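# Structural characterization, general
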Amino acid sequence: MSINYLPKLPTHLSIFTSQPPQVFRFRPPFFTAALPSTAQDKPISNLSSTITTSPPSPLVYTHQNLPLSEETQIEIPIEKLFVPPETDVSSETARILKGSNIVLSNYARDNSLVKDAEFVKSSVKTEDCPDEGLPEFALVGRSNVGKSSLLNSIVRRKKLALTSKKPGKTQCINHFRINGSWFLVDLPGYGYAAAPETSRTDWDKFTKDYFLNRSTLVSVFLLIDGSIPAKKIDLEYASWLGENKVPMTLVFTKCDKRKKTRHGGKKPEENVQDFLELISAYFQEVPPWIMTSSITNQGRDEILLHISQLRNYWLKH
Ligand code: GDP
């Protein structure tokens, strides 16, 4: 599928990403976005915020009586938003998913709800993967990045991802069918120090083959630990996907872990910005990205809406 991006406009977007979000305010000339998300059956408007080009005079909303100092704000130039095709961000109803650069389109529908999830099969080659022609989304990331936790969080099942951790399956392409209509795919983790060099090379080879040749792959979800500074291996992985034009969404994990700045650690928002900056040379446009936590479920419903709009667009084209 082809993805369109916004033309450059002389404005910015602000996102408040505290978890849970406490405060947001309009501050001309920035766009603002932030709203809490918890229940999966919430209406779309509760998972997003309106983008407005003509904000009212400064205004503060306080959701919980948490101190203003905990507020974290990211400013994103509008050309760095991910705008799905056929989406008009100049309209007053344009919305952005919380904790992300993803604009909601008319393709985001109620079918984002996960009602049913089942393990289908493990494959070691792209040709062996299910041939049902359903759209699929593949999770990949460094070992320990939180891939299993995220998968379980997305499908709301505590142990579904254990299936792909069973002996013999960790090095496979594991397909899970969701609602009988799309696949979530668990790919082997990379960068596992204990793995022998030869088997590491094999996984790399078949995973890359899968990325390049799986025609029903709608987007790779590359998981990056948002609680630590960028790692070389993740930057290499992201740039390989960028160079090979594999559709990718960056999913930052563990965003509940907030390092104290007095100890020299950076906040997840800062790690996200650093990562995006470091890979920018490899991408013509900024890929969609989203911040998540499997502890607080931050980003879970937003990922499902993102999947829903990509999937509905893919099915129509
Ligand atoms: P995998 O190897 O990528 O499948 O990673 P796991 O899902 O098994 O998680 C690795 C470790 O990170 C475990 O100790 C998890 O409890 C922890 N973890 C996973 N997700 C999160 C998260 O969102 N926040 C925090 N604080 N820890 C997490």
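### Structural notes on the site of the ligand
- As a structural note, the neighbourhood of the ligand is formed by 13 residues, with Lys147, Ser148, Ser149, Asp256 and Ser294 the closest of them.
- Here a nitrogen atom of the ligand sits 2.8 Å away from a polar atom, N or O, in the side chain of Asp256.
- One of the backbone nitrogen or oxygen atoms of Ser294 is found 2.7 Å away from an oxygen atom of the ligand.
- Burial of the ligand by the protein chains amounts to 72% of its free accessible area of 580 Å².
- Residues of the shell around the ligand, tallied by class, amount to two nonpolar, six polar and five charged.

### Comments concerning unusual backbone geometry
- Here the phi dihedral of Lys254 falls at roughly 60°; this positive angle occurs in a residue that is not glycine.
- Here Lys254 lies in the loop between β13 (248-253) and α4 (268-279).
- Here Asn297, not a glycine, exhibits a phi torsion of approximately 65°, which is positive.
- On the secondary structure map, Asn297 appears in the loop between β14 (289-291) and α5 (300-316).
- Taking the relative accessible area as the measure of exposure, Asn297 reaches 24% and is therefore partly exposed.

### What about empty space enclosed by the protein?
- With the rule as written, the count across this model stands at one cavity of 30 Å³ or more.
- In this structure, the largest cavity occupies an estimated 30 Å³ of space.
- Ile224, Asp225, Gly226, Ile228, Pro229, Ala230, Phe252, Asn271, Val272 and Phe275 together form the lining of the largest cavity.
- Contributions of two or more residues to the lining of the largest cavity are made by β12 (217-225) and α4.
- Take the lining of the largest cavity: its biggest share by element is three residues, from α4.
- Residues that form the lining of the largest cavity fall into these classes: seven nonpolar, two polar and one charged.

### Brief notes about the confidence of the model for the protein chain
- Of all residues in the protein chain, 68% attain a pLDDT of 70 or more, and the chain-wide mean is 76.
- Note on residues 1-41: pLDDT is under 50 here. Beyond four places in sequence and across chains, it has 159 contacts.
- Here residues 52-71 scores under 50 on pLDDT; set against residues more than four positions off or in separate chains, the count is 39 contacts.

### A few points about the sheet that holds strand β10 (residues 173-178)
- Pairing is mixed across the open sheet formed by seven strands, whose spatial order is β8-β10-β11-β9-β12-β13-β14. Of all the strands in the sheet, the pair left with one neighbour each is β8 (117-123) and β14. Across the sheet, the mean angle separating the axes of adjacent strands is 25° when strand polarity is ignored.
- Of the strands in this sheet, β9 (136-141), β12 and β13 touch helix α3 (residues 232-243), which is tilted by about 160° from β12.
- On the sheet, α5 packs against β9, β11 (182-186), β12, β13 and β14 and is oriented at approximately 160° with respect to β12.

### What about the pairing of β12?
- Extensive coverage of β12 is indicated by the burial of nine of its nine residues.
- Sheet topology note: the β9/β12 ladder contains six bridges and is parallel. Following the sheet pairing, Ala138 is matched in β12 by Val220.
- Sheet analysis places β12 next to β13, joined by six bridges and oriented parallel. Within β13, the position partnered with Phe221 by the bridge is Thr249.
- Considered for its hand, the β-α-β crossover made up of β12, α3 and β13 is right-handed.

### Some details on the side chain of Ser219
- Checked against the element boundaries, Ser219 lands in strand β12.
- A distance of 3.1 Å separates polar atoms of two side chains, one belonging to Ser219 and the other to Thr249.
- For Ser219, the contacting residues outside a window of four places in its chain are Glu136, Phe137, Ala138, Pro247, Met248, Thr249 and Leu310.

### Topic: helix α1 (residues 147-155)
- Extensive coverage of α1 is indicated by the burial of eight of its nine residues.
- The complete set of buried residues in α1 reads Lys147, Ser148, Leu150, Leu151, Asn152, Ser153, Ile154 and Val155.
- Among the residues trailing α1, Arg156 stands out with phi positive, at a value near 60°.

### Some details on the packing of α1 against α5
- Two elements in contact, α1 and α5, have axes separated by 9 Å at closest approach and are oriented at 75°. Here α1 lies roughly perpendicular to α5, going by the angle between them. Residues Leu150, Ser153 and Ile154 of α1 touch α5, and the partners they reach there are Arg300, Ile303 and Leu304.
- Tallied by class, the residues present in the contact of α1 with α5 amount to four nonpolar, one polar and one charged.

Rules used throughout
Residues numbered from 1 in each chain as written. Predicted model: local features only at pLDDT ≥ 70, side-chain atom pairs only at ≥ 80, totals over all residues. Heavy atoms only, no water. Near = heavy atom within 4 Å. Polar contact = N/O pair within 3.5 Å; in protein donor to acceptor, adjacent residues only side chain to side chain. Areas by Shrake-Rupley, 256 points an atom, 1.4 Å probe, with all protein chains shown as cover. Nonpolar A, V, L, I, M, F, W, Y, C, P; charged D, E, K, R; others polar. Helix = DSSP H or I, 4+ residues; strand = E, 2+ residues; numbered from the N terminus. Buried < 20%, exposed > 50% of the residue type's maximum accessible area, 1.4 Å probe, protein only. 1 Å grid on protein atoms, 1.4 Å probe; cavity = no way out; pocket = protein on both sides within 12 Å on 5 of 7 lines; lining within 4 Å. Points joined across faces, edges and corners; volume = space filled by probe spheres on them. pLDDT = per-residue confidence, 0-100. Contact = heavy atoms within 4.5 Å. Pairing = 2+ DSSP bridges. Axes fitted to C-alpha atoms, helices over the stretch in contact; angles between N-to-C directions. Right-handed = clockwise from strand over helix to strand, strands pointing away. Parallel < 35°, antiparallel > 145°, perpendicular 65-115°, else oblique.

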